[in-house]
Amino acid sequence: MTQLDLAPATDAIWPGFVKREAKSIRLVLIDDHPVVREGICALLGLESDMIMVGDAGDLDTGIELVREHNPDLVICDLTMPGCTGTIAVRKLCRECPTMRVLVLSALDSLECIRESFAAGAIGYVRKDALRADLLAAVRRAAVGAHAYCLGVTGMIMQSWLLEAGTAPPAANSPLDAEDRQILRLIALGVPTWRIAADLRRGVKVVEKYRANLMHRLNLSSTAAVARYAVSCNLLSREEVDHLVSSE
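Residues numbered from 1 in each chain as written. Predicted model: local features only at pLDDT ≥ 70, side-chain atom pairs only at ≥ 80, totals over all residues. Heavy atoms only, no water.

A. How the structure looks around the overall build of the chain. Regarding its fold elements, the chain presents 11 helices and six strands. Partitioning the contacts of the chain with sequence separation of at least 6, the portion at a separation of at least 24 is 68%. If you sum the accessible surface of the chain, you get close to 14600 Å²; carbon and sulfur atoms cover 54% of it. (Helix = DSSP H or I, 4+ residues; strand = E, 2+ residues; numbered from the N terminus. Contact = heavy atoms within 4.5 Å. Areas by Shrake-Rupley, 256 points an atom, 1.4 Å probe, with all protein chains shown as cover.)

Set out below in C-alpha cells:
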C-alpha cells in the first residue's frame, strides 16, 4: 500500500512561488491620557496584524515619532494640551502630508466629524465605540479607505437622510402604486436589473421608467430619492434603520 506523505508543506508550493506573510499594520497613537494610551496599545497589540511602533502624549512628540517610524496609520485624539478642535489633525497633515490619520475622540458632534475630514483625516471613531468597530476602522484606514465606527456612520446617515431643507419637491402628478414601489427600491439601493427582475419587466423599460419618474419629481440622485422616500413615509422603520446602520 502506498503511504501518504504527511511531511509539513514548505513555503515553495510551486517552482518560483514563495508564500508571503501578510504585512503588519504599523501604528502610532497620540493621546494625552496615559490610561487611554495604555489601553489602546494593549488592545491593538493583541492583533496579529497590528504593531504599535510608538505612542505619545502630545502632538509635537507624536509628529517626531511619525517622522522616525513612518507608520501606516496615526491614531490621534482631537483634544490635547495646546490643541482644540481639529488643530491636531491639521498640523499632523501639514507636517506629514502623506500620513493617514484616524481620529479617536470622545467628541461626537457632526461639526467635529465634518471638520476632521476637512482637515485631512481619513476616519473617525468615537471612544465609546465597540472593539470590533475600532479594529475594523484601523484596518480600513490603514489601506486608504474612509473609516467610521457605527455611531458615526449613524449620525452621518441620519444627517444625510433628514437634512434640514430637503423637503420633497412638489410632484406634477400624484404617485401611483408602481411609482411608490420603484421609488422604495431605488432608495434602498436595489440595482435596476434587480428591479426589472422583480417587476418582470425589461431592463431598458425600467431604466426609462426610472429616469422619467425621477425627472417628474425633480430628483437628481439616489440620495435625493432616499430623502424623498423617507419624507413621504415610503420606507418602513426597519428599512430606515437599515439605511442608517449599514456602512
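This is not the end of the story, as more comes after the structure.
B. View of the sheet that holds strand β6 (residues 147–148). The parallel open sheet is built from six strands, whose spatial order is β2-β1-β3-β4-β5-β6. Two strands in the sheet have a free side with no partner beyond their single neighbour: β2 (50–56) and β6. Relative to β6, strand β5 (residues 123–126) is paired through two bridges, and the arrangement is parallel. In the sheet register, Tyr-124 faces β6, and the bridge partner there is Tyr-148. (Pairing = 2+ DSSP bridges.)

C. Quick peek at the packing of helix α1 (residues 34–45) against helix α5 (residues 131–142). Where α1 meets α5, the closest approach of the two axes is 11 Å, and the angle between their N-to-C directions is 75 degrees. Classified by the angle between their axes, α1 and α5 sit roughly perpendicular to one another. From α1, Ile-40, Leu-43 and Leu-44 reach across to α5, where they touch Arg-131, Leu-134 and Leu-135. Of the residues in the contact of α1 with α5, the class split is five nonpolar, no polar and one charged. (Axes fitted to C-alpha atoms, helices over the stretch in contact; angles between N-to-C directions. Parallel < 35°, antiparallel > 145°, perpendicular 65-115°, else oblique. Nonpolar A, V, L, I, M, F, W, Y, C, P; charged D, E, K, R; others polar.)

D. Spotlight on the pattern of salt bridges. Applying the stated criterion across every chain, the model contains 13 salt bridges. The shortest N-O distance in the salt bridge between Arg-139 and Asp-49 comes to 2.8 Å. Here Arg-139, found in helix α5, pairs with Asp-49, found in the loop between α1 and β2; they are 90 residues apart in sequence, far enough to count as distant. Residue class for Asp-49 comes out partly exposed when judged on its relative accessible area of 22%. Here Asp-179 ties to Arg-216 by a salt bridge, and the two come within 3.0 Å at their closest N and O atoms. Of this pair, Asp-179 sits in helix α7 (residues 177–187) while Arg-216 sits in helix α9 (residues 203–216), and the two are 37 residues apart along the sequence. Ionic contacts of the salt-bridge type, sharing partners, join the residues Glu-47, Asp-49, Arg-131 and Arg-139 into one network. (Salt bridge = Lys/Arg side-chain N within 4 Å of Asp/Glu carboxyl O. Buried < 20%, exposed > 50% of the residue type's maximum accessible area, 1.4 Å probe, protein only.)

E. Focus on the pairing of strand β4 (residues 101–105). Of all five residues in β4, five are buried, a share of seventy percent or more. Both faces of β4 are covered, namely the face carrying Val-101, Val-103 and Ser-105 and the face carrying Leu-102 and Leu-104. As judged from the four bridges shared by β4 and β5, these two strands associate in the parallel manner. Residue Leu-104 lies in a different strand from β5, and its bridge partner there is Val-125. In this region the chain leaves β4, passes through helix α4 (residues 110–119) and returns to the parallel neighbour β5; the handedness of that crossover is right-handed. (Right-handed = clockwise from strand over helix to strand, strands pointing away.)

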